[in-house]
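# Residue-level structure breakdown
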Amino acid sequence: MNKIQSILDKSTNAIELNLLLLGLRIYLKTEPASHLVEYIYYNRSALRWSVFVELCVIHRVYPAILKVLKSMPTAGIPTETISQLEQQRSLGLRQSLQLATETVRVTELLETNGIRVIVLKGAALALQLYSDIGMRPTRDVDLLVDKSDALKACSLLEQLGYQPHFEVFSSKSTKKQQSFLCKMYHHEEFYGINYSVEIHWDIQRWIDETTDFEKMFFEADKFILSDRIIRGVGATALFDYLATHGASHGWCRLRWLLDIALLVQQHQKNNPPKDTDFSDFAYQALILVHCLLGISVNCKVLQQITAKQADIANKATGYLASYSGDLSATFSREYFIYIDYVLRIYFKRNYLLNFIFIFFSPNSLDFKTVSLPDKMFWLYYPLKPFIWIVRAVKSWRKSVSG
């Protein structure tokens with residue numbers, strides 16, 4: 001755990017990232033505001049405010065940072081920086097309100113058709129942790145449904161004009177392909193003209209345990225949104241869900257850690273009744289909010305953290321420090337840092353076997369490129385490199401001709 005600060009200090013944007021973390025600690029009241037004034041003063045010649053604003057946007061914590069900076073008018077913060085953050089805050093608020101309206105519209109459609117829905121993150125989580133939709137920017141609508149309702153829910157989304165991305169339930173897929181994709185992806189992404197919606201039937205992929213939807217629905221918290229009741233993940237399951245979700249993305253956005261920090265402060269999750277309640281994901285979350293955001297964690301819990309869990313938290317910090325907001329470059333250094341992290345946290349098998357599993361497992365694009373009958377499904381694994389080359393060549397030819 002002692003390595004975390006040194007990892008941050010070695011990053012390209014160390015000065016700006018440390019300022020961002022300092023601002024979040026002040027927002028959480030785990031560090032005095034005077035430290036921010038001192039930090040800005042001692043780093044005034046090297047501090048790049050444009051980079052700082054960019055990091056606030058990448059990590060989607062600009063509402064919290066803006067609130068802190070505006071409360072400190074004598075800290076030497078450029079007015080242009082405040083103006084840029086206010087502009088971003090205004091755009092984010094408008095988008096959050098629009099997505100909240102879309103959340104109500106989609107959930108109403110699903111519920112009218114007999115599908116029970118839990119809102120993951122988004123408006124429900126903003127109300128739950130921040131009591132203000134505008135304090136937690138979001139860019140899509142995430143909904144959890146029972147696995148038995150997934151196909152029907154996806155069909156209803158298409159009736160609204162949304163287009164599926166993974167095409168998990170495509171009529172062109174064989175039963176084996178659909179079953180494989182349903183387990184591989186755990187959700188379907190839908191893109192509309194203005195919004196994107198994700199229909200989840202499991203909390204996360206690569207985890208053996210299936211989501212107990214009945215239990216989650218029964219324990220869900222209720223919120224009023226646009227005069228309609230929506231359900232969010234209940235307080236009992238919320239900590240584990242947020243930890244699992246943040247870990248699955250390598251904690252690349254500080255917003256997810258801020259969510260957990262607020263939850264820990266509100267519900268005292270750092271002092272659980274049973275130590276066995278903690279998963280590896282939860283321990284990872286506690287290490288990071290303790291070291292990065294100054295959240296108090298029970299000493300007994302810290303003593304139970306293993307060297308492996310601490311090492312994974314260090315890797316997550318390295319990924320967070322290098323994250324630029326885009327993983328589209330498949331063979332970038334950032335991408336392989338993430339893959340290394342995923343291999344270590346999700347799988348208990350041999351590292352090489354994990355690598356083979358991730359890179360040689362077929363996906364929906366492979367099924368579109370080469371259609372094999374279910375009896376020959378196993379051929380997708382050895383054919384994977386060749387299928388990838390075929391797609392890469394087609395993509396290259398298309399870009400050249402275009």
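Structure: above.
Residues numbered from 1 in each chain as written. Predicted model: local features only at pLDDT ≥ 70, side-chain atom pairs only at ≥ 80, totals over all residues. Heavy atoms only, no water.

### Side note on the overall build of the chain
Rules: In DSSP terms, a helix is any run of H or I states spanning at least four residues, a strand is any run of E spanning at least two, and both are numbered starting from the N terminus. Both definitions apply: the radius of gyration is a C-alpha atom measure, and the globule rule equals 2.2 Å times residues to the power 0.38. Contacts were defined at the residue level, with two residues in contact if any of their heavy atoms lie within 4.5 Å. Methods summary: accessible areas were calculated by the Shrake-Rupley approach with a probe of 1.4 Å, and residue burial reflects only the protein chains presented. The sign given to each residue is positive for Lys and Arg and negative for Asp and Glu; His and the chain ends receive no count. All charge positions are set by atom: Lys at NZ, Arg at CZ, Asp at CG, Glu at CD.
Looking only at helices and strands, one finds 19 helices and 7 strands in the chain. Rg of the C-alpha trace for the chain: 22 Å, near the compact-globule value of 21 Å for 402 residues, within the 12% margin. C-alpha extents for the chain along the principal axes are approximately 70 × 55 × 50 Å. Taking as baseline every contact in the chain between residues at least 6 positions apart, the subset at least 24 positions apart corresponds to 67%. Taken as a whole, the chain presents about 19,900 Å² of accessible surface, with 54% of it coming from carbon and sulfur. The positive charge centre, built from 45 side chains, and the negative charge centre, built from 39, are 4 Å apart in the chain.

### Brief notes about the environment of Asp202
Operational definition: Two N or O atoms form a polar contact when they lie within 3.5 Å of each other; inside protein one atom must be a possible hydrogen donor and the other a possible acceptor, and for residues adjacent in sequence the pair counts only when both atoms belong to side chains.
Locating Asp202 in the fold gives a position in the loop between β5 (196-200) and α10 (213-218). Through-space distance from the C-alpha of Asp202 to that of Leu143 is 10 Å; in sequence the pair is 59 residues apart. Discounting residues that sit within four places of it in the chain, Asp202 has contacts with Leu144, Lys147, His186, Thr210 and Thr211. Polar contacts involving the side chain of Asp202 include one to the main-chain amide nitrogen of Thr211, which spans 3.0 Å.

### What to know about the environment of Pro32
Quick reminder of the rule: Relative accessibility decides the category of a residue: with a 1.4 Å probe and only protein chains considered, values under 20% of the type maximum give buried, values over 50% give exposed, and everything between is partly exposed.
Position of Pro32 among the secondary structure elements: in the loop between α2 (14-27) and α3 (34-42). Note on Pro32: relative accessible area 42%, which makes it partly exposed. A C-alpha to C-alpha distance of 27 Å links Pro32 and Ser322, two positions 290 residues apart in sequence.

### Focus: helix α8 (residues 150-159)
What counts is decided by this rule: Within this analysis, the arc is defined by the directions that extend from the helix axis to the C-beta atoms.
All of the buried residues along α8 are Ala150, Ala153, Cys154, Leu156 and Leu157. The buried side chains of α8 occupy one side of the element, clustering within an arc of 160 degrees when seen end-on. For α8, the secondary structure elements touched by its buried residues are α6 (79-112), β4 (187-191) and β5. The first or second residue beyond α8 is Gly161, which carries a positive phi of 105 degrees.

### Notes on a nonpolar patch on the surface
The test is simple: Candidate patch residues must exceed 30% relative accessible area and have no salt bridge, after which like charges are joined if within 9 Å and Val, Leu, Ile, Met, Phe, Trp or Tyr side chains if within 5 Å. Basic side-chain nitrogens of Lys or Arg form a salt bridge, by our definition, when they fall within 4 Å of a carboxyl oxygen of Asp or Glu.
On the surface, a nonpolar cluster with roughly 390 Å² of combined accessible area is contributed by Phe386, Trp388, Ile389 and Val393. Within the element layout of this structure, Trp388 appears in helix α19 (residues 380-401).

### Re the packing of aromatic side chains
To keep it simple, the criterion reads: When two rings of Phe, Tyr or Trp (its six-membered ring) have centres within 6.5 Å they constitute a pair, described as stacked for plane angles under 30 degrees, edge-to-face for angles over 60, and tilted for the intermediate range. Ring-over charges, as used throughout, are those where CZ of Arg or NZ of Lys falls within 6 Å of the ring centre and within 35 degrees of the ring normal.
Inspection of every chain in the model, using the stated rule, returns 11 aromatic pairs. Judged by centre distance (5.8 Å) and plane angle (50 degrees), the ring pair of Phe367 and Phe377 falls under tilted. Here the residue Phe367 occupies a position in helix α18 (residues 364-369), and Phe377 occupies one in the loop between α18 and α19, the gap between them amounting to 10 residues. Of the two residues, Phe367 and Phe377, neither departs from the other in class, the shared state being buried. Taking 4.8 Å as the distance between ring centres and 70 degrees as the angle between the ring planes, the aromatic pair formed by Phe367 and Tyr380 counts as edge-to-face. Within this pair, whereas Phe367 is found in helix α18, its partner Tyr380 is found in helix α19, the two being separated by 13 residues in sequence. Comparing Phe367 with Tyr380, the two get one shared label, buried. Across the ring face of Tyr41, the terminal group of Arg44 is positioned such that the distance to the ring centre comes to 4.1 Å. Above the ring of Phe217, the side-chain terminus of Arg116 is found at 5.1 Å from the ring centroid.

### Side note on the environment of Gln98
Looking at where Gln98 falls in the secondary structure, it is placed in helix α6. Gln98 sits in the partly exposed class, given a relative accessible area of 36%. In this structure, the C-alpha to C-alpha distance between Gln98 and Gln204, residues 106 residues apart in sequence, is 26 Å.

### So, the nonpolar core
Note the cut-off: In plain words, nonpolar cores are sets of buried Ala, Val, Leu, Ile, Met, Phe, Trp, Tyr and Cys residues tied together by side-chain atoms within 4.5 Å.
One finds Leu36 and Trp251 to be the most contacted residues of the largest nonpolar core, which totals 96 residues. Counting residues per element, this core draws most heavily on helix α13 (residues 280-293), which supplies 10 residues.

### Things to note about helix α15 (residues 307-322)
The criterion, for reference: Multiplying 1.5 Å by the helix residue count minus one yields the expected span of that helix.
For α15, with 16 residues, the first-to-last C-alpha span of 23 Å sits near the 22 Å given by 1.5 Å per residue. Residues of α15 that are buried include every one of Gln309, Ala310, Ile312, Ala313, Asn314, Ala316, Thr317, Tyr319, Leu320 and Ala321, and no others.

### Structural notes on unusual backbone geometry
The phi dihedral of Arg60 is positive, around 55 degrees, even though this residue is not glycine. Topologically, Arg60 is positioned in the loop between α4 (49-58) and α5 (62-70). Residue Arg60 is classed as buried on the basis of its relative accessible area, which comes to 13%. Within the chain, Ser226 stands out as a residue other than glycine whose phi angle is a positive 55 degrees. Here Ser226 shows up in the loop between β6 (221-225) and β7 (228-232).

### Brief notes about the packing of helix α7 (residues 122-129) against helix α12 (residues 254-267)
The following threshold applies: To get an axis, a line is fitted to the C-alpha atoms, and for a helix only the part in contact is used. The angle between two axes follows their N-to-C directions and goes from 0 to 180 degrees. Geometric relationships in this document are graded by angle, where less than 35 degrees denotes roughly parallel, more than 145 denotes roughly antiparallel, 65 to 115 denotes roughly perpendicular, and other angles denote oblique. Crossing handedness follows the turn of the near helix against the far one: under a right angle anticlockwise gives a left-handed crossing, and clockwise gives a right-handed one.
One can describe the packing of α7 onto α12 by two numbers: an axis separation of 10 Å at closest approach and a directional angle of 40 degrees. Looking at the two axes, α7 sits oblique to α12. Considering how the two elements wind past one another, α7 and α12 form a crossing that is left-handed. On the side of α7, the interface is formed by Leu125, Gln128 and Leu129, while α12 contributes Asp259, Leu262, Leu263 and Gln266.

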